[in-house]
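So the chains spell out like this:
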Amino acid sequence: MTAGEHGVRFGFPAPLFPDGVEPGTNILVKGPGDSGAREVALRLTQPERYRNEGRLLLSTDVSGRHLLDWASEVGDGVDPERVGVVDCSGIADEDHRFDPHDHIEGPGDVMAIEIAVATLYETLRAKGFDRVRIGLFSVSAMLAHADLRTVSRFIHMLTGRIIATGDLGVFYIDSSLDGDVSVEVIEHFCERTVEVRRRDDDVELREGDVRDGSGNWRPLDPQAAYRPHHRS
Amino acid sequence: MGDIEVLYVDPEATAGTSPLRELVADPAIEVYRETSVADAAATLRERVVDCVVTEYDLPDGTGVELVATLREVAPDTGAILVTDESPALIAEESPGGPVAEFVPKSVPEVGARVVQLVKHTATSRSQTSYPLPPDERARLDALATINLNDELLGRAVQRVTELATEHFAVPQSSVNIITERTQEFLASAGGEFEPTPREDSACTYTILDDGVSVIEDIAADPRFPDVTDDTAIRFYAGASLTTREGHPVGTLCVYDDEPRVFGEADRAYLSLLAAEVMDWLEVARAPQTVNDGESGQEGAP
């Protein structure tokens with residue numbers, strides 16, 4: 001990746017965003033729950049090995065450990081030295097919940113979530129990472145626990161923070177759970193989109209830009225080691 | 001004086017402590033100071049600021065309580081909590097708190113981080129609960145060039161709202177102007193409307209796209225949680241009023257007290273009326289060569 005106005009562009013595993021994206025970009029990944037959209041979003045949050053990047057994941061619809069398990073099965077997996085998780089699930093399961101976040105009541109507890117995100121972000125930066133890939137899994141769980149206006153303000157604030165600090169934001173939304181209006185509102189806060197769908201056994205995606213609209217559907221590269229994953 | 005106005009609330013801050021030191025030192029930022037929830041709330045009722053930066057522990061309450069007040073009096077203003085209080089304590093004392101930025105006071109770069117977030121929050125207004133048009137700043141600049149007090153303009157758009165109510169057989173219609181924080185009513189037929197916060201306005205979303213936006217049943221729309229089956233306005237259709245440079249400055253809207261459908265012909269006619277309103281708004285932007293009422297002459301549209 002070449003350096004742009006705001007620094008070196010974020011790069012991704014093929015075939016996602018071949019030209020990368022500018023620092024300070026927010027990407028909405030949307031698709032039905034069984035489409036593979038979550039896995040695509042997880043791949044977008046994977047740090048490039050040769051870059052000094054951290055990874056901050058927010059788990060809202062599954063426990064933090066569960067999300068890490070999923071992330072470890074996608075692409076290059078999880079580098080424990082680079083990753084931090086904010087467990088926003090509110091799941092009362094000591095085996096799967098990260099203790100530091102047990103004060104977060106659940107996916108609708110936006111203030112507590114923001115405090116945890118900001119604290120962990122500063123921890124990652126203090127460890128020396130130049131920039132952070134932040135992924136929210138999923139916006140849908142937040143919308144199930146808080147009204148659209150509250151979630152919109154939270155997403156607007158988080159995407160704004162990512163723009164200000166030159167990081168990367170990835171927001172996964174299950175488009176089969178949320179109405180078109182909600183998806184459209186959240187989409188307005190993101191500069192780029194990835195739509196994911198399943199055609200028979202094949203996963204297809206198309207990327208979009210708020211200015212240029214959506215591109216054409218194309219298959220997710222079979223060489224990308226995509227593996228469909230279902231909640232257990 | 002800085003362009004960005006910040007209310008800083010911390011009873012123990014001194015000129016030499018971060019992040020106050022960095023905020024004051026930045027030439028783009030003007031800092032006002034308060035030391036309690038009550039005094040800060042009073043200031044917020046009198047003055048519109050771009051961002052509030054507050055400590056959590058205040059003499060008469062908490063920074064979270066202050067942010068909750070802020071959301072009532074100025075919902076679009078940004079808020080940043082800067083504190084060393086533990087997240088667990090804040091969650092215990094202030095469960096279900098409002099959306100606000102957070103920066104731990106103990107991080108070495110707290111001053112730089114707060115300045116960074118203040119600037120972005122203020123200039124991009126990134127704590128609104130609704131999306132902004134991508135050209136928001138240019139849009140507001142374009143709006144500022146229109147003489148909204150022009151009498152001819154007022155009479156013309158009033159007639160358009162009356163034509164709209166008659167044509168669509170609806171009880172109400174209005175021409176709305178979307179300012180930085182509010183929806184104002186330039187003209188209305190079927191009733192008077194009070195200015196509303198932008199987050200409560202359907203037109204806030206209409207100006208995000210070209211053309212006509214229709215909400216067949218507002219009570220079923222998650223963007224407007226306060227609207228119920230008993231609310232007077234249930235149907236909304238609005239057409240953007242877009243300047244020749246492409247900046248949406250307002251809307252022409254029709255409302256009904258019950259859900260209804262709005263077909264293509266309806267959309268086309270509403271767009272036609274909106275174009276008429278926009279032509280008058282453009283006229284009101286032009287230099288006023290003849291506008292002296294005492295001369296008995298009026299500027300032609």
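Residues numbered from 1 in each chain as written. Chains lettered and ligands numbered in written order. Predicted model: local features only at pLDDT ≥ 70, side-chain atom pairs only at ≥ 80, totals over all residues. Heavy atoms only, no water.

**Q** Help me understand the overall build of chain A, please; the structure alone is not making it clear to me.
**A** Assigned secondary structure in chain A consists of six helices and 11 strands. Split into buried and exposed, the 232 residues of chain A put 59% on the buried side. When contacts within chain A are restricted to residue pairs at least 6 apart in sequence, those whose partners lie at least 24 apart make up 67%. (Helix = DSSP H or I, 4+ residues; strand = E, 2+ residues; numbered from the N terminus. Buried < 20%, exposed > 50% of the residue type's maximum accessible area, 1.4 Å probe, protein only. Contact = heavy atoms within 4.5 Å.)

**Q** I tried to follow the side chain of D109 of chain A on my own but got confused; where do I start?
**A** By the secondary structure assignment, D109 of chain A is in the loop between β5 (83-87) and α3 (110-126). Of the residues examined, D109 of chain A reaches a relative accessible area of 8% and is grouped as buried. Apart from the residues lying within four places of it in its own chain, the contact partners of D109 of chain A are H103 and I104 of chain A together with G96 of chain B.

**Q** Whenever I open this one, the pairing of strand β9 (residues 202-209) of chain A confuses me. Can you help?
**A** Every regular strand shows the same layout, with side chains that alternate between the two sheet faces. Residue and element names in this part refer to chain A. For strand β8 (residues 192-199) and β9, the ladder comprises eight bridges, and the chain directions are antiparallel. Along β9, the bridge assignment pairs T193 with G208. If you look at the hairpin formed by β8 and β9, you'll find two residues sitting between the two strands, and D200 has a positive phi there, around 55 degrees. Relative to strand β11 (residues 218-219), β9 runs antiparallel, the two being bridged by two bridges. (Pairing = 2+ DSSP bridges.)

**Q** Whenever I open this one, the interface of chain A and chain B confuses me. Can you help?
**A** Chain A puts 29 residues into the contact, and the matching count from chain B is 41 residues. Across the chain A to chain B interface the summed buried area is about 3,000 Å²; carbon plus sulfur atoms make up 66%. Looking at the side of chain A facing chain B, the largest losses of area belong to M111, R149 and R153 of chain A, adding up to 28% of the total buried there. Linking chain A with chain B are five salt bridges, by the criterion used here. In this structure, the salt-bridge partner of R149 of chain A is D200 of chain B, at a minimum N-O distance of 2.8 Å. Counting across the chain A and chain B interface gives 13 residue pairs in polar contact (both at pLDDT 80 or more). It is helix α5 (residues 148-165) of chain A that contributes the most residues to the side of chain A that touches chain B, 13 residues altogether. (Buried area = accessible area lost by both parts, 1.4 Å probe. Salt bridge = Lys/Arg side-chain N within 4 Å of Asp/Glu carboxyl O. Polar contact = N/O pair within 3.5 Å; in protein donor to acceptor, adjacent residues only side chain to side chain.)

**Q** Before we go on, may I ask you to explain unusual backbone geometry in this structure?
**A** Working note: non-glycine residues mostly have negative phi, and peptide bonds are mostly trans. In this structure, S138 of chain A follows F137 of chain A across a cis peptide bond, with omega equal to 5 degrees. If you trace the backbone, S138 of chain A turns up in the loop between β6 (131-137) and α4 (139-145). With omega at 5 degrees, the peptide bond leading from S18 of chain B into P19 of chain B counts as cis. For P19 of chain B, the position within the fold is in the loop between β1 (4-9) and α1 (20-25).

**Q** Explanation requested: the sheet that holds strand β8 (residues 172-178) of chain B in the structure shown.
**A** By way of backbone hydrogen bonds, the strands of a sheet pair with one another, either parallel or antiparallel. Residues and elements named next belong to chain B. If you walk across this open sheet you meet the six strands as β10-β9-β8-β13-β12-β11, and the pairing is antiparallel. Edge positions in the sheet fall to β10 (196-197) and β11 (212-215), since each has one partner strand and no second. Along the sheet, helix α9 (residues 264-285) makes contact with β8, β9 (182-189), β11, β12 (235-242) and β13 (248-256), crossing β12 at roughly 40 degrees. (Axes fitted to C-alpha atoms, helices over the stretch in contact; angles between N-to-C directions.)

**Q** How should the packing of aromatic side chains be read in this particular structure?
**A** Ring pairs (aromatic) are described by centroid distance and by the angle formed between their planes. Throughout the structure, instances matching the rule amount to nine aromatic pairs over all chains. Summarising the aromatic geometry, the rings of F168 of chain B and F262 of chain B are spaced 5.2 Å apart at their centres and angled 40 degrees between planes, so their arrangement reads as tilted. Linking F168 of chain B in helix α7 (residues 151-168) with F262 of chain B in the loop between β13 and α9, this pair joins segments that are 94 residues apart in sequence. On the basis of an interplanar angle of 20 degrees and a centroid distance of 4.9 Å, the ring pair of F185 of chain B and F193 of chain B is categorised as stacked. The rings of F168, F235, F262 and Y269 of chain B are connected pair by pair, giving a single aromatic cluster. Taking the ring centre of F10 of chain A as reference, the NZ or CZ of R131 of chain A above it sits at 3.7 Å. For the cation-ring pair, R161 of chain A lies above Y121 of chain A, with the distance from its terminal atom to the ring centre recorded as 5.6 Å. (Phe/Tyr/Trp six-rings, centres within 6.5 Å; stacked < 30°, edge-to-face > 60°. Lys NZ or Arg CZ within 6 Å of the ring centre and 35° of its normal.)

**Q** Quick question: what am I supposed to make of the sheet that holds strand β2 (residues 29-34) of chain B here?
**A** Residue and element names in this part refer to chain B. The parallel open sheet is built from five strands, whose spatial order is β2-β1-β3-β6-β7. Both outer strands of the open sheet, β2 and β7 (101-104), are each paired with one neighbouring strand and no more. Averaged over all adjacent pairs, the angle separating strand axes in this sheet is 20 degrees, with direction ignored. Of the pairings in the sheet, the one linking strand β3 (residues 51-54) to strand β6 (residues 78-83) comprises four bridges and is parallel in character. Following the sheet pairing, C51 is matched in β6 by G78.

**Q** Where do I start with the pattern of salt bridges in this structure?
**A** Side-chain pairs of opposite charge can arise where the charged atoms are in close proximity. This structure, assessed with the given rule, holds 37 salt bridges over all chains. The salt bridge involving R82 of chain A is made with D79 of chain A; its shortest N-O contact spans 3.3 Å. Classification of R82 of chain A as buried rests on a relative accessible area of 14%. A salt bridge links R125 of chain B to E180 of chain B; the shortest N-O distance between them is 3.7 Å. Of this pair, R125 of chain B sits in the loop between α5 (110-124) and α6 (136-144) while E180 of chain B sits in the loop between β8 and β9, and the two are 55 residues apart along the sequence. When its relative accessible area of 7% is taken as the criterion, R125 of chain B is described as buried. It is possible to trace a salt-bridge network through shared partners that takes in D76, R125, E136, R139, E180 and R198 of chain B.

**Q** What is the right way to read the nonpolar core from this model?
**A** Note on soluble globular proteins: their nonpolar side chains tend to be buried together. Within the largest apolar cluster, 53 residues are counted, with the highest numbers of intra-cluster contacts made by L56, L58, V86, V139, F154, I155 and F171 of chain A. Among the elements that make up this core, the one with the highest residue count is α3 of chain A (eight residues). Counting residues in hydrophobic clusters, the runner-up holds 30 residues, among them V160, F168, I177 and F235 of chain B. (Core = buried A, V, L, I, M, F, W, Y, C linked by side-chain atoms within 4.5 Å.)

**Q** What is the right way to read the packing of α7 of chain B against α9 of chain B from this model?
**A** Each pair of packed helices can be described by the angle between their axes along with the distance between the axes. Residues and elements named next belong to chain B. At a minimum axis separation of 9 Å, α7 and α9 run at an interaxial angle of 175 degrees. Looking at the two axes, α7 sits roughly antiparallel to α9. Residue-level inspection shows L152, L153, A156, V157, V160, A164, H167 and F168 of α7 in contact with α9, the latter providing D266, Y269, L270, L273, E276, V277, W280, L281 and A284. (Parallel < 35°, antiparallel > 145°, perpendicular 65-115°, else oblique.)

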